[in-house]
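# Coordinate inspection notes
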Amino acid sequence: MKKLIGEPGAVVADALVGIEAALPQVRVDHQNRVVLRATPKDEGKVALVSGGGSGHEPLHGGFVGFGMLDAACAGEVFTSPTPDQVLAATTAVDRGAGVVHIVKNYTGDVMNFEMAAELAEGASVASVLVHDDVAVEDSTYTAGRRGVGLTVLMEKIAGAAAEEGRPLDEVVRVAEKVSAQGRSMGVALTSGTVPAAGRPTFDLPDDEMEVGVGIHGEPGRHREKLAPAPRIAEMLVEPVLADLPSGGEPVIAMLNGMGGSPLLELYLMYGEVAKLLEKAGVPVARTLVGNYITSLDMAGCSLTLLRADDELLRLWDAPVETPGLRWGR
Amino acid sequence: MKKLIGEPGAVVADALVGIEAALPQVRVDHQNRVVLRATPKDEGKVALVSGGGSGHEPLHGGFVGFGMLDAACAGEVFTSPTPDQVLAATTAVDRGAGVVHIVKNYTGDVMNFEMAAELAEGASVASVLVHDDVAVEDSTYTAGRRGVGLTVLMEKIAGAAAEEGRPLDEVVRVAEKVSAQGRSMGVALTSGTVPAAGRPTFDLPDDEMEVGVGIHGEPGRHREKLAPAPRIAEMLVEPVLADLPSGGEPVIAMLNGMGGSPLLELYLMYGEVAKLLEKAGVPVARTLVGNYITSLDMAGCSLTLLRADDELLRLWDAPVETPGLRWGR
Amino acid sequence: MAADITALTRWVALFRDRIAAEQERLTALDSAIGDADHGANMARGTMAAAANVAETRPQTVAEFGKAVGMALVSSIGGASGPLYGTFFLRFGTAGDGLDELDGPALARALRAGLDGVVSRGRAEPGEKTMIDALAPAVAAFEAEAGDVAAAAAAAARAARAGSDATEALVARRGRASYLGERSAGHLDPGSVSSALLFEALADALTEERA
Amino acid sequence: MAADITALTRWVALFRDRIAAEQERLTALDSAIGDADHGANMARGTMAAAANVAETRPQTVAEFGKAVGMALVSSIGGASGPLYGTFFLRFGTAGDGLDELDGPALARALRAGLDGVVSRGRAEPGEKTMIDALAPAVAAFEAEAGDVAAAAAAAARAARAGSDATEALVARRGRASYLGERSAGHLDPGSVSSALLFEALADALTEERA
Ligand SMILES: Nc1ncnc2c1ncn2[C@@H]1O[C@H](COP(=O)(O)OP(=O)(O)O)[C@@H](O)[C@H]1O
Ligand SMILES: Nc1ncnc2c1ncn2[C@@H]1O[C@H](COP(=O)(O)OP(=O)(O)O)[C@@H](O)[C@H]1O
Ligand SMILES: [Mg+2]
Ligand SMILES: [Mg+2]
Ligand SMILES: [Mg+2]
Ligand SMILES: [Mg+2]
């Protein structure tokens, strides 16, 4: 394992020290491992809390700031945060207008956020689930689709709605709309290595890739021979479009790196994706290419598409000032 | 080789297609492989051209935009662009006030930009060299220090000076000040893989690291056993401070990822660096942590420190709107 | 014969020790069909739980359940934190103000714990989760509840058998469910840690008798 | 006997072929002390140069030098682009409006090319660059300039010997200089491609005679 770390068990705590030192716009509650805005949002506005396992940076801590999250709870690497952490975050950011929990659909995340909401007497807490990964069948007999790339878009758009001063149910409605209108799919060329485990989570032969991989290295639809970029783009675009609500609206497209693939390759991949979207007659209104929700040092990428009506586009364009996403101020 | 690419020889051309599709704020001259601002800067302002081998993204193409570069020339992977490319870029962006070439100190880059400047009759062209890498001895008997991380800071700061409307010699003065006041040092845990080569540029045993590595995988000061993050931080901070002009000014600090290391680790590393800087009594005025000048999928990081007086800090804080660096608008 | 606080305390310490001994194996199992953290999660949790019990010295079953449950919930995260945490919190509530549990009372507490896991995780038997070890274990305990040590030994055997049987199953809950049919052919890691939970209980109560 | 445009054209084609055959080796050498692109750079450049000559059909040495030099400069990038490009541009300028070069004229053109490389790269002999193959090659050619084929053969031998001798040297110019003492023990890749340049010239002129 070749990593820039100290004690493997202390990676998250150590990284939070670095985050605090690096980012003047956030402060860190080290006891509870929560990243908070340095300047809390105005009284009377809805607050947004998210969080999850660490190892997906910039998600979630890198999206704390004006126009996006109020707090992010950092779990152990790839392990959801505990209810205490979520409770501490919720209590800290509640400005009297309620708190929205943005929860990626993993059993652990769902249960831990649920317990926190139960414990958060006083605050009115609403939860929104992200479950956008079309690699996994959505059925009542399973845990349902995983939450992946759409989380970034939901945090941005719901964050903008909250920053505008919309009430709790309105922020939830917008977030649910994002959830309903967005889908994702990923592919891995190599496995990431969890520091505490010390070796790659999965073995992938030198000439194979995992199609439909999860952001924790969970297996996807199938493995197949490594293919050239145009073919990989098809493997992402087709299933996402097949499951994406149809309609005339344009999409917000995110071509996300899993952490170990150079930006050069991500741009190249997006070029292939753009060709396919054009061929399919899907207009692209906004684009994001880069590492936004990663899986440590996994090589690979994911595609997220969100059908965005005027309301979502306007909220997308609203100012945001976070370490991971910034425009308009 | 596991890469998200098509034809290995066409990687740069293909990535430029993706860059154009992904980024509304730039346009691409595919013939000459030049990334340009979609909206040219005002007539009468000094223009900035940089460029170099591809594989360092977001550098340079990702730094084209308001407040930073006017054009970036994309060479083959790790190979400097040709004089034609630089000439095309120079001609395209000249707004009548002169053009500054920001050149990283590599023999190939220096000669190709020099030939372009010779060919650019009509335009008044000035060159500024970046040569900040303290891993390499600076002596009149060698090619001198390599240009690495400081390039990002120079492009930002000189870009701000040009955007303010300062004349050519003033922009050059500011850029030279950055060059004089900044130093860098990097470390690699793994080698990147050039697509056309198909295998890692260098072999590094599983328990070793290359201290003082270059951004093209050039060897550095020495190899040694992989060390924990606090020790690696010492290996970066000490030589940079030893060579950094002393003075009471604070520094702008960039902890840069080489492309293959997760952001989690980069934050962790910055935490260690911050402790050492504090111990050394060096105040940090501004910080940048992330992938800014990469070496394909190389795992590792580099540290850049720039002694910044009020002028440099003010120019650093000025608005910038590029895919890779954005604030203030 | 009954399980007093000393025995329950020993149970948690032995659970921690068994987890520590099997940590790598649990992680390996979770690598195959999950995310490779079950070993680390359970090690972190049981260490915190045993330490918390040692430190807070609970006097009643309710205090014991709370000390263990809260420590698990607030140190693990992931799926197993709320599940094992709820198990002990409900175990404690069922034991109420008692300072020891005879066979039937221990059976009731274990059943309450299991019910807590089911209501927290909404999984049913046969979905390849820890339920597939916990449910047969509690049933086996209830069947022999007259003798706590014998009942615990039977429960441990049933938990292990239930865990072994998860190998053939297709996961329908938790992270492994994303694998669909590909999850078959691997033991469920949570069922294995649950087998360790009941083996620790059996040991704790056997030593009690010795 | 003189080198006419046909012979010069063959020179460039043979240079391209030798580079293609040795591309992997050149890259491997550049991996050791550089950035692993010299093979690809030279392959790209010589293909473009040979194609440009075939397409533009130069009639004079000056046109030939420009066709080759501009193609190299505008297709290679890196250090070798301006260096080899300047070599051929100056070669052409020295040959001027001639349509063939006799021994002394060819020697003057080669010397002009070498001078161009020196003034472009500011390297001196012994600094572990292509100069260490080019300079002895040009000197050897000058010594036997009466017979172009014999002179070219001698130049090729001198280039190769000069290249071989770079192994012991410490690099002082170019990318390899960053290695300091560690650059010793490896051939300089650019000197190897320069040896190929003169070997191609020798072949081109030998075939001429045959
Ligand atoms: N809904 C559920 N009900 C009961 N047990 C579950 C449920 N979901 C997961 N589990 C158990 O949790 C185990 C995984 O725990 P762990 O690896 O610690 O958490 P995570 O899956 O969050 O990484 C599974 O092996 C399974 O036994
Ligand atoms: N200043 C110089 N003068 C002469 N030759 C040089 C100089 N610098 C580098 N070279 C030659 O160029 C070769 C490297 O070429 P190449 O790998 O194509 O370019 P780059 O170094 O830009 O990657 C070296 O092996 C050396 O022979
Ligand atoms: Mg987990
Ligand atoms: Mg090169
Ligand atoms: Mg797990
Ligand atoms: Mg090279």
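Let us look at the structure shown here. (Residues numbered from 1 in each chain as written. Chains lettered and ligands numbered in written order. Predicted model: local features only at pLDDT ≥ 70, side-chain atom pairs only at ≥ 80, totals over all residues. Heavy atoms only, no water.)

## Overview of the overall build of chain A
For the record, the criterion: Strands are runs of DSSP state E lasting at least 2 residues, helices are runs of H or I lasting at least 4, and numbering of each runs from the N terminus. Restricting the calculation to C-alpha atoms gives the radius of gyration, and the globule rule supplies 2.2 Å times the number of residues raised to the power 0.38. Remark: exposure states derive from per-residue accessible area (1.4 Å probe, protein chains only) relative to the maximum for the residue type, with buried under 20%, exposed over 50%, and partly exposed in between. We call two residues contacting when some pair of their heavy atoms lies within 4.5 Å. For the accessible areas, the method is Shrake-Rupley and the probe is 1.4 Å, while residue cover comes only from the protein chains on display. Counted charges follow a simple rule, with Lys and Arg positive, Asp and Glu negative, and His plus the chain ends left uncounted. Think of each charge as sitting on NZ of Lys, CZ of Arg, CG of Asp or CD of Glu.
Secondary structure summary: chain A contains eight helices and 14 strands in total. Whereas a compact globule of 329 residues would reach a radius of gyration of roughly 20 Å, chain A reaches 19 Å, a difference of no more than 12%. In terms of overall dimensions, chain A has a C-alpha envelope of 55 × 50 × 40 Å along the principal axes. Relative to its 329 residues, chain A shows a buried fraction of 66%. Look at the contacts in chain A between residues 6 or more apart in sequence, and 73% of them connect residues 24 or more apart. For chain A, the exposed surface amounts to about 10000 Å²; the carbon and sulfur share of it is 49%. When the 28 positive and 45 negative side-chain charges of chain A are each reduced to one mean point, those points stand 4 Å apart.

## What about the site of ligand 1?
Residue and element names in this part refer to chain C. So the rule is basically this: Note on definitions. A residue lies near a molecule or strand when any single heavy atom of the residue is within 4 Å of it. Within 3.5 Å is the distance limit for a polar contact, defined as a pair of N or O atoms, with the added protein rule that one can donate a hydrogen and the other accept it, and that residues adjacent in sequence qualify only through two side-chain atoms. In this classification, the charged set is Asp, Glu, Lys and Arg, the nonpolar set is Ala, Val, Leu, Ile, Met, Phe, Trp, Tyr, Cys and Pro, and all remaining amino acids, among them Gly, are polar.
In the vicinity of ligand 1 lie 21 residues, with H38, N41, A79, S80 and D188 positioned nearest. R175 is positioned such that a nitrogen or oxygen atom in its side chain is 3.2 Å from an oxygen atom of ligand 1. Between ligand 1 and the protein, one listed contact pairs an oxygen atom with a backbone N or O atom of G190 at 2.9 Å. In the complex, 96% of the free accessible area of ligand 1, which totals 560 Å², lies under the protein chains. Put simply, the parts of the chain that give the shell around ligand 1 at least two residues each are α2 (38-56), α4 (80-95) and α8 (189-209). No other element matches the three residues that α8 contributes to the shell around ligand 1. A class-by-class count of the residues in the shell around ligand 1 yields five nonpolar, 10 polar and six charged.

## Notes on the relation of the copies chain B and chain A
Heads up, the rule is: The copies were overlaid by least squares, fitting only the C-alpha atoms of residues that reach a pLDDT of 70 or more in each copy.
With an RMSD of 0.0 Å, the fit of chain B onto chain A corresponds to turning through 180 degrees and sliding 0.0 Å along the axis. Taken together, the turn and the small shift mark the pair as related by a two-fold rotation axis. A shared binding surface is used by both copies, with 100% of the interface residues of chain B retained as interface residues in chain A.

## Comments concerning the environment of P228 of chain A
In this fold, P228 of chain A is placed in the loop between β9 (222-225) and α6 (229-243). Residues P228 of chain A and L288 of chain A, spaced 60 residues apart in sequence, show a C-alpha to C-alpha distance of 22 Å. Beyond its immediate stretch of four places on either side in the chain, P228 of chain A contacts I5 and G6 of chain B.

## Quick notes on the site of ligand 2
In the vicinity of ligand 2, 21 residues are found, and the nearest of them are H38, A79, S80, D188 and G190 of chain D. Each of chains B and D places residues near ligand 2. A distance of 2.9 Å is found between an oxygen atom of ligand 2 and a side-chain nitrogen or oxygen belonging to D37 of chain D. Side-chain polar atom of R175 of chain D to an oxygen atom of ligand 2: 3.2 Å apart, as the coordinates give it. For ligand 2, whose accessible area on its own is 570 Å², the fraction buried by protein is 96%. Elements represented by at least two residues in the shell around ligand 2 include exactly α2 (38-56), α4 (80-95) and α8 (189-209) of chain D. Counting residues per element, the shell around ligand 2 draws most heavily on α8 of chain D, which supplies three residues.

## Details of the interface of chain D and chain B
Which entries qualify depends on this criterion: Two parts placed together each lose some accessible area under a 1.4 Å probe, and adding up what both lose gives the buried area. A pair is scored as a salt bridge if a Lys or Arg side-chain nitrogen falls within 4 Å of a carboxyl oxygen belonging to Asp or Glu.
If you look at the interface, chain D gives 28 residues, while chain B gives 33 residues. Summing both sides of the interface, chain D and chain B together bury roughly 2600 Å²; the carbon and sulfur share of this comes to 54%. Three residues stand out in chain D for area buried against chain B, namely R120, Y178 and R182 of chain D, and they jointly supply 28% of the buried area on that side. One can count five salt bridges joining chain D with chain B. A salt bridge links E114 of chain B to R122 of chain D; the nearest nitrogen and oxygen atoms lie 3.1 Å apart. If you look at where chain D meets chain B, you find 14 residue pairs in polar contact (both at pLDDT 80 or more). Put simply, the parts of the chain that give the side of chain D that touches chain B at least two residues each are α1 (5-33), α2, α3 (61-76), α4 and α5 (103-121) of chain D. Sorting elements by how many residues they give to the side of chain D that touches chain B places α3 of chain D first, with four residues. Looking at side-chain class alone, the side of chain D that touches chain B contains eight nonpolar, 10 polar and 10 charged residues.

## Some remarks on the sheet that holds strand β7 (residues 182-188) of chain B
Neighbouring strands of a sheet are bound in pairs by backbone hydrogen bonds; such pairs are parallel or else antiparallel. Residue and element names in this part refer to chain B. Worth spelling out the cut-off: A pair of strands is labelled paired if DSSP reports no fewer than 2 bridges between them. Helix axes are fitted only over the stretch in contact, all axes being lines through C-alpha atoms; the angle between N-to-C directions runs from 0 to 180 degrees.
Strand order in the open sheet made by the six strands is β9-β8-β7-β12-β10-β11, with mixed pairing throughout. Among the strands making up the open sheet, the edge pair consists of β9 (222-225) and β11 (284-290). Strand-to-strand twist in this sheet, taken as the mean axis angle between neighbours without regard to direction, amounts to 15 degrees. Looking at chain direction, strand β10 (residues 251-257) and β11 are connected through six bridges and run parallel.

## Here we look at the pattern of salt bridges
Under the definition given, this model contains 80 salt bridges over all chains. A salt bridge links R231 of chain B to E234 of chain B; the nearest nitrogen and oxygen atoms lie 2.8 Å apart. Placement of both R231 of chain B and E234 of chain B in helix α6 (residues 229-243) is noted, with a separation of three residues, approximately one turn of the helix. Using a relative accessible area of 36% as the deciding quantity, one classes R231 of chain B as partly exposed. Salt-bridge contacts for E321 of chain B lead to R326 of chain B; the nearest nitrogen and oxygen are separated by 3.6 Å. Salt bridges linked by common partners bring E164, R166, E170, R173, K177, D309, E311 and R314 of chain A together as one network.

## Focus: the coordination of the magnesium ion (ligand 5)
All names here are of chain C. The criterion, for reference: Donor atoms (N, O, S) are those found within 2.8 Å of the metal centre, with the cutoff raised to 3.2 Å for Na, K and Ca; water is not part of the atom list, so apparent gaps in a site can occur.
Around the magnesium ion (ligand 5), the protein contributes the donor atoms D30 (OD), D35 (OD) and D37 (OD), at 2.0 to 2.2 Å from the metal centre. Taken in chain order, the donor set of the magnesium ion (ligand 5) reads D-x4-D-x1-D. A distance of 3.5 Å spans the gap from the magnesium ion (ligand 5) to the magnesium ion (ligand 3), which D35 bridges by coordinating each metal. Considered together, D30 and D37 belong to a single accessibility category, that of buried residues.

## Details of the coordination of the magnesium ion (ligand 6)
Residue and element names in this part refer to chain D. Distances from the magnesium ion (ligand 6) to its protein donors, namely D30 (OD), D35 (OD) and D37 (OD), fall within the range 2.0 to 2.2 Å. Motif for the magnesium ion (ligand 6), donor spacing along one chain: D-x4-D-x1-D. Here the magnesium ion (ligand 6) and the magnesium ion (ligand 4) are spaced 3.5 Å apart, and both take D35 as a donor. The same class applies to D35 as to D37, namely buried.

## Details of unusual backbone geometry
Negative phi is the rule for most residues except glycine; trans is the rule for most peptide bonds. For the peptide bond that leads from E57 of chain A to P58 of chain A, omega is 10 degrees, which places it in the cis range. When you line up the elements, P58 of chain A lands in the loop between β3 (47-54) and β4 (71-77). One non-glycine residue, R33 of chain B, adopts positive backbone phi at about 55 degrees. Looking at the secondary structure, you find R33 of chain B in the loop between β1 (26-29) and β2 (34-37). Even without glycine at this site, D96 of chain C takes up a positive phi of about 55 degrees. For D96 of chain C, the position within the fold is in the loop between α4 and β2 (100-102). Under the relative-accessibility criterion, D96 of chain C is labelled exposed at 53%.

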